[in-house]
Amino acid sequence: MNDEPERISLSLTDVRALAVRVLEANGLGPAHVDFVADTILAGERDGCAAHGIYRLTNCVKTLRAGKVNPNAVPKELSAASAVTRIDADGGFAQAAFAAGLPRLVERTRSYGIGILAINRCVHFAALWPEIEAVVEQGLVAFACTPSHAWVAPAGGNAPLFGTNPIAFGWPRPGEHPFVFDFATSAAARGEIELHARAGKPIPEGWAIDEDGCSTTDAAAGLSGSLLTFGGHKGSALSALVELLAGPLIGDMTSAESLSYDDGAKASPFGGEIIIAIDPEGVLGEAAAAHIARAEGLFEAILAQGARLPSERRYASRRRSAVEGVTVPKQLYDEIVSYA
Ligand code: NDP
Ligand code: PYC
């Protein structure tokens, strides 16, 4: 007997149209709908189940709880250095990123390095869309954002850190960029939520229950604490995310974001930092030769039979452009009911 849940097929056009319908029905303003729908589409298209149409459930919860400004107007706060600061006005992060990107690129080309600090935004998504947009300009990119306090520090037993993703991108001539993007928890919370929905156990090492005991029960892990990846190493990186995208840019930590949430279970609220580096700003005319030389590193990784991060995602992107995607019918029906 096949106990896998029923799935339905959707074209990418269907996915985007569904996202637009749900977002509009829940009051998201016209200046934001396309940005958010594109992010939902990109996640589903690239096979990121926890950050595709499933995210519409969080977007709707956040809109209905009044924890996002549906008509936010991002504003530039500073204009005179390598640092671009955008106040997202309490809106979803996508419009604020779009508002800041041209300035980030211009400043990075002028100074060799640039920072885009986005304040007061709701970030519900993966970071690789931001990374890809920066790397498309020939720049090296790093990004991170805190989330809600769901993760215990290594050696601790109660939630303090967010799932705190870090992402990095490197331009590759004639190839998709080298991009990695991962939570500093052993797995993203969205991934564990999907296990809980499907009634599937999670691997040991992802979470502890409310009593601090190791658990493979996804629901018990969600109400307890998630764990960092790599023990003290992931824990330190998670602290780095809290600091760089929190106090350094004058914004909230994950604990402050959860407190601001006040039980609404909305998406995290706070800051995101994106750092861009122009290889030409570092090396001048020699940059192209060194970027080409970096290809040897990727070839050596592949020569061992290992794969590059994002390879699975790019393959999914190619496949879904032809075949569309399949999503669990129960999730699809739930999302349709929000429209
Ligand atoms: P994964 O552990 O699934 O993957 C993380 C990265 O590792 C991806 O770049 C992935 O590439 C790569 N990778 C996975 N397996 C291999 C392998 N065998 N060899 C080489 N590379 C590999 O991600 P997480 O669960 O940690 O995070 C998922 C998403 O959740 C991220 O996009 C993150 O931004 C998002 N997130 C967002 C948060 C927010 O607050 N906005 C909070 C937490 C997470 P590939 O995709 O090709 O498999
Ligand atoms: O999966 O941990 C997560 C997450 C938090 C915000 C967006 N995704």
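Right above here is the structure, for reference.
Scoring rules and cut-offs
- Residues numbered from 1 in each chain as written.
- Chains lettered and ligands numbered in written order.
- Predicted model: local features only at pLDDT ≥ 70, side-chain atom pairs only at ≥ 80, totals over all residues.
- Heavy atoms only, no water.
- Near = heavy atom within 4 Å.
- Polar contact = N/O pair within 3.5 Å; in protein donor to acceptor, adjacent residues only side chain to side chain.
- Pairing = 2+ DSSP bridges.
- Helix = DSSP H or I, 4+ residues; strand = E, 2+ residues; numbered from the N terminus.
- 1 Å grid on protein atoms, 1.4 Å probe; cavity = no way out; pocket = protein on both sides within 12 Å on 5 of 7 lines; lining within 4 Å.
- Points joined across faces, edges and corners; volume = space filled by probe spheres on them.
- Patch = residues over 30% accessible without salt bridge, like charges linked within 9 Å, V, L, I, M, F, W, Y side chains within 5 Å.
- Areas by Shrake-Rupley, 256 points an atom, 1.4 Å probe, with all protein chains shown as cover.
- Salt bridge = Lys/Arg side-chain N within 4 Å of Asp/Glu carboxyl O.
- Lys, Arg positive; Asp, Glu negative; His and termini not counted.
- Charge placed at Lys NZ, Arg CZ, Asp CG, Glu CD.
- Buried < 20%, exposed > 50% of the residue type's maximum accessible area, 1.4 Å probe, protein only.

(A) A look at the site of ligand 2. In the vicinity of ligand 2, the residues found are His 51, Arg 55, His 123, Phe 124, Trp 150, Thr 163, Ala 188, Arg 189, Gly 190 and Pro 268. One of the backbone nitrogen or oxygen atoms of Arg 189 is found 2.9 Å away from an oxygen atom of ligand 2. Between Gly 190 and ligand 2, the recorded distance is 2.8 Å, taken from a backbone N or O atom to an oxygen atom.

(B) Looking closely at the sheet that holds strand 10 (residues 225-227). An order of 6-10-9 is seen for the three strands of this open sheet, with the pairing classed as mixed. Because the sheet does not close on itself, it has two edges, and the strands there are strand 6 (151-152) and strand 9 (207-208). With two bridges connecting them, strand 6 and strand 10 associate as parallel partners. What sits directly across from Val 151, in strand 10, is Leu 226.

(C) View of the layout of surface pockets. By volume, the second largest pocket is sized at about 840 Å³. Lining of the second largest pocket is provided by 30 residues; of these, Pro 5, Arg 7, Ala 49, Leu 194 and Pro 328 occupy positions nearest its centre. Of all the secondary-structure elements, those providing two or more residues to the lining of the second largest pocket are helix 2 (30-45), helix 6 (189-198), helix 12 (311-323), strand 12 (325-328) and helix 13 (329-337). In terms of residue count, the dominant contributor to the lining of the second largest pocket is helix 6 (five residues).

(D) Layout of a positive patch on the surface. Taken together, Arg 307, Arg 312, Arg 318 and Arg 319 make up a surface patch of like positive charges. As for its position among the elements, Arg 318 is in helix 12. What makes Arg 318 exposed here is its relative accessible area of 52%.

Coordinates in, geometry out; function isn't part of it.
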